[in-house]
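An overview of the molecular structure
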Amino acid sequence: MRFKDRTDAGIKLARLLAEKYARADGVVYALPRGGVVLGVEIAQHLGMPLDLVMARKIGHPYNPEYAVAAVTEHGAPVINTDEVAPLPRDWFQMQVKLQRQEAQRRHEAYLDGRAPLSCRGKIAIVVDDGIATGLTMEAAIRDLKRHHPARVVLAVPVAPADTAAKFRAEVDDLVALDLPEHYLGGVGAYYDHFPQVSDEEVIALLRKASAAVAADPT
């Protein structure tokens, strides 16, 4: 399956999620930056508030797009031990520090000091524009579980079938539009238009989502 852009993917994914979760007591958590475009569509369609979970990948030193680990603002890193073991320990520790600092910077920049929304006892729907290695999403899910949601729902347009199978053991529900057996190698390969999303776009999208919640009388 192909998508025109992230908005198209978000609308399609929102319709699928609505079959189970429309107007449920939950919070949509998007992974910045790309996941926020989808998160806005999903939150509005489901009638839920939108928040962020700040997960950052650590790329291989010789191929930065290839994740070898991932971190959030808190907690231990999620690590691909086979890939990390041969790397210099000092380099890896520095990357953990730098990416954790970047997660904290984004939190402050995007949310402008707003406290995170609580998912305790609620449905937590965690959204991104796709999954490749799955390390960043795994870090995000671990972070959300610390807050004791009633259910964790993983929602993505596309993910490799084998990676999705692993996540089914980690979450209460997995909702996806395409789980290819033969993955094309990168999330962007499934989109016709897949530009970088800027900090400014993320902030504008979050304001749009907040305005939609404020305008909804229910």
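Attention in this report is confined to the structure presented alongside it. (Residues numbered from 1 in each chain as written. Predicted model: local features only at pLDDT ≥ 70, side-chain atom pairs only at ≥ 80, totals over all residues. Heavy atoms only, no water.)

Take the pairing of strand β1 (residues 26–30) next. The buried count for β1 comes to five of five residues, which makes it a mostly enclosed element. Because side chains alternate across β1, one face comprises the buried residues Gly26, Val28 and Ala30, and the other comprises Val27 and Tyr29, equally buried. Here five bridges tie β1 to strand β6 (residues 123–127), and the two strands are oriented parallel to one another. Looking at the pairing, Ala30 lines up with Val127 of β6. Direction of pairing for β1 relative to strand β2 (residues 50–52): parallel, over a ladder of three bridges. Across the sheet, residue Ala30 finds its bridge partner in β2, namely Leu52. (Buried < 20%, exposed > 50% of the residue type's maximum accessible area, 1.4 Å probe, protein only. Helix = DSSP H or I, 4+ residues; strand = E, 2+ residues; numbered from the N terminus. Pairing = 2+ DSSP bridges.)

You can see Val197 is positioned in the loop between β8 (173–178) and α7 (199–215). Val197 gets classed as buried once you look at its relative accessible area, which sits at 6%. Put simply, Val197 and Ala165 are 32 residues apart on the chain and 29 Å apart in space, counted from C-alpha to C-alpha. Not counting residues up to four positions away in its chain, the partners in contact with Val197 are Arg6, Arg33, Gly34, Val37 and Val202. (Contact = heavy atoms within 4.5 Å.)

Let us now look at the packing of aromatic side chains. Per the counting criterion, the structure on display carries three aromatic pairs. Where Tyr191 meets Phe194, the ring centres are 4.8 Å apart and the plane angle is 35°; that geometry is what we call tilted. Accessibility expressed as a relative area gives 31% for Phe194, which makes it partly exposed. Aromatic rings pair up to connect Phe3, Tyr191 and Phe194 into one cluster. When the ring centre of Phe194 is taken as origin, the NZ or CZ atom of Arg6, which lies over that ring, is 4.0 Å away. (Phe/Tyr/Trp six-rings, centres within 6.5 Å; stacked < 30°, edge-to-face > 60°. Lys NZ or Arg CZ within 6 Å of the ring centre and 35° of its normal.)

Further remarks concern unusual backbone geometry. Of note, the amide linkage connecting Pro32 to Arg33 takes the cis form, showing an omega dihedral of 0°. With respect to the helices, strands and loops of the structure, Arg33 is situated in the loop between β1 and α2 (34–46). Non-glycine residue His148 carries a positive phi angle of around 60°. With respect to the secondary-structure elements, His148 resides in the loop between α5 (135–145) and β7 (151–158).

Summed over all chains, the structure comprises 13 salt bridges. With its nearest N and O atoms 3.0 Å apart, the salt bridge here joins Glu138 to Arg142. Of the two residues, Glu138 and Arg142 both sit in helix α5, four residues apart, roughly one turn of that helix. Assessed through its relative accessible area of 45%, Arg142 is described here as partly exposed. (Salt bridge = Lys/Arg side-chain N within 4 Å of Asp/Glu carboxyl O.)

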